[in-house]
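# Structural description and commentary
Read off the chains here:
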Amino acid sequence: TTHPAAAELAGRIAAVAPPHMRRVFFTGSGSESNDTVIKAVWYYWNLAGKPAKKHFIARNLGYHGVGVGSASASTASDRDDGSGMRFMAAPPMM
């Protein structure tokens, strides 16, 4: 079940969000958040009939978490790691 405080916070966030962004999803960590968004994007494009859209941009050698998706993004360097997800390294930021 949903914790009452989490439900209240989700309602407050949704109330100030743009109409097309009024769904709130909490996770327990940044690693879990990254893995969740990678899976959500993957499933979205599969359901939209575009299963080949599995390209993500990740910071080269950045740490994004320990799950399969987020760990793959952590070591991104313009390669295919065999997971079916292709990560392209972003250029350095100044």
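Not measured: the values here are computed from a predicted model.

Per the stated rule, a full pass over the model turns up 1 aromatic pair. Summarising the aromatic geometry, the rings of Y44 and W45 are spaced 4.9 Å apart at their centres and angled 80 degrees between planes, so their arrangement reads as edge-to-face. Judged by its relative accessible area of 51%, Y44 is exposed. Judged by relative accessible area, which is 21%, W45 ranks as partly exposed. Over the ring of W45 we find K53, and its NZ or CZ is 4.1 Å from the ring centre.

As a further point, take a nonpolar patch on the surface. A cluster of nonpolar side chains, L9, I13, V24 and F26, forms an exposed patch at the surface whose accessible area comes to about 300 Å². Along the chain, the position of L9 falls in helix α1 (residues 4–16). The class of L9 is partly exposed, set by a relative accessible area of 39%.

Structurally, the position occupied by Y43 is in helix α2 (residues 30–47). As a C-alpha pair, Y43 and K54 span 11 residues in sequence and 9.7 Å in three-dimensional space.

In this model α2 runs 26 Å from its N-terminal to its C-terminal C-alpha over 18 residues, within 8% of the 26 Å that 1.5 Å per residue would give. Those residues of α2 that sit buried are S31, D35 and I38. Each buried residue of α2 sits inside an arc of 65 degrees when the element is viewed along its axis, so together they form one side. In this structure, α2 carries Y43, Y44 and L47 as exposed residues pointing more than 90 degrees from its buried face. Just past α2, the residue G49 takes up positive phi, approximately 80 degrees.

Cut-offs and rules
Residues numbered from 1 in each chain as written. Predicted model: local features only at pLDDT ≥ 70, side-chain atom pairs only at ≥ 80, totals over all residues. Heavy atoms only, no water. Phe/Tyr/Trp six-rings, centres within 6.5 Å; stacked < 30°, edge-to-face > 60°. Buried < 20%, exposed > 50% of the residue type's maximum accessible area, 1.4 Å probe, protein only. Lys NZ or Arg CZ within 6 Å of the ring centre and 35° of its normal. Patch = residues over 30% accessible without salt bridge, like charges linked within 9 Å, V, L, I, M, F, W, Y side chains within 5 Å. Areas by Shrake-Rupley, 256 points an atom, 1.4 Å probe, with all protein chains shown as cover. Salt bridge = Lys/Arg side-chain N within 4 Å of Asp/Glu carboxyl O. Helix = DSSP H or I, 4+ residues; strand = E, 2+ residues; numbered from the N terminus. Expected span 1.5 Å × (residues − 1). Arc of directions from axis to C-beta.

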